[in-house]
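Report on the structure
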Amino acid sequence: MRSLRHAILPLAAATVLTLIGTATTAEAAPAPAQTRTQTERAAGDPTTAGSGATSAGRTARLSSGDPVDSAQDIAALERYWTPERMAKAVSLDRTPAPSGAATMKAGPTGKPGTIPSAPARSGQAAPRINESAAVGKVFFTNPSNGGTYACSASALNSGSKQMVVTAGHCVHGGSGGTWMTNWVYVPRYRSGARPFGTFAAKQMRTFNAWINSSDLRRDVAMVTTWPLNGNKIVNVTGGHGMSWNFSRTQPVTILGYPGNFDSGEIQWACTGTTRAASDNGIELQCNFGGGSSGGPWLREFNDSNGLGSVNGVMSTVTSTGWNEAAYFDDAVKAMYDAQGNVT
């Protein structure tokens, strides 16, 4: 059973689709603060070798190829993502590539574990119903076509207090694709409003199985953001905890910006109990369409503070409205460990 806060609409689709905001037009990139050499550009791009359950990280970049590594770059991205440009990042579904050959066990890969959530440091009004300050909308450019895209994401408590979690296809195009550019996270975005500002990505990380094979079983990513005016994202909005190796049958609240509801301009919520999906993921029939990708699937969601424990992120939808998320196991915890203290 599931409960969707607002009326749901039928979804016309013929197969399982990844949920991603698709490009409308090519856009000019923000100007780089300075010219850098190839050696400088390669520096600071740590990569974990291998494939499957290993992950790879990359410094976030502008469309020009320059790293986002200065106050000028951050300011340029905030100017680049105007309300008009964000509105053009229309959400649409696309057919995923076939899954790769990553080996996955049929159940948990270890003991269940949970990382606690973290409240915001500063006082703030309670989030409006159906919304969490620790959930927001993501905007980025795809270098493959120069178009603007939209996804969902959420702040994740970690040692750095700077991390958000989203879907793998919201940071990398998968097999034959590349890393996304001009990447920003806007917490509690609502119809163009940015109540907490625009947080630019500093470093991205996703699974090699997604990068090399578009394997939906590893459609997960974690992104370290730059502080904004000296303030770290988790300290500003609060950050969710994270769960892994739990039963695939869990009561959850799913939050995100599905393009088939309010054109993706308002945060939506869906509640229900998940079940095991055929490819070892988890699923719930919420009928969330494009733009909801990367939105958190939260255990133990607390309506009073808008926080819970991320137990999956939105990945796909079927023709009958079943949404699916990759299962959070030890490999996801290893990604968290690799990225969570990056500052």
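This text follows the structure it describes.
Notes on the structure in this doc start here. In this text, all values refer to a predicted model and were calculated from it rather than measured experimentally.

One pass over the structure, following the stated rule, counts seven salt bridges. Residues Glu 131 and Arg 190 are paired through a salt bridge, measuring 2.9 Å at the closest nitrogen-oxygen approach. Residue Glu 131 is located in the loop between strand E5 (113-115) and strand E6 (135-142), and its partner Arg 190 is located in the loop between strand E9 (181-187) and strand E10 (199-207); the two are separated by 59 residues in the primary sequence. The exposure class assigned to Glu 131 is buried, which follows from its relative accessible area of 4%. Of the charged contacts, one joins Glu 265 and Lys 137 as a salt bridge, the two residues approaching to 3.7 Å between their closest N and O atoms. Of this pair, Glu 265 sits in the loop between strand E13 (251-256) and strand E14 (268-273) while Lys 137 sits in strand E6, placing them 128 residues apart in sequence. For Lys 137, a relative accessible area of 1% puts it in the buried group.

On to unusual backbone geometry. Most peptide bonds are trans, and most residues other than glycine sit at a negative phi. Notably, Ser 214 is not glycine yet its phi reads approximately 50°, a positive angle. Following the sequence through the fold, Ser 214 ends up in the loop between helix H4 (208-213) and strand E11 (221-225). Accessibility expressed as a relative area gives 3% for Ser 214, which makes it buried. Phi angles above zero are rare outside glycine, and Asn 280 is one such case at about 80°.

Reading guide: rules and limits
- Residues numbered from 1 in each chain as written.
- Predicted model: local features only at pLDDT ≥ 70, side-chain atom pairs only at ≥ 80, totals over all residues.
- Heavy atoms only, no water.
- Salt bridge = Lys/Arg side-chain N within 4 Å of Asp/Glu carboxyl O.
- Helix = DSSP H or I, 4+ residues; strand = E, 2+ residues; numbered from the N terminus.
- Buried < 20%, exposed > 50% of the residue type's maximum accessible area, 1.4 Å probe, protein only.

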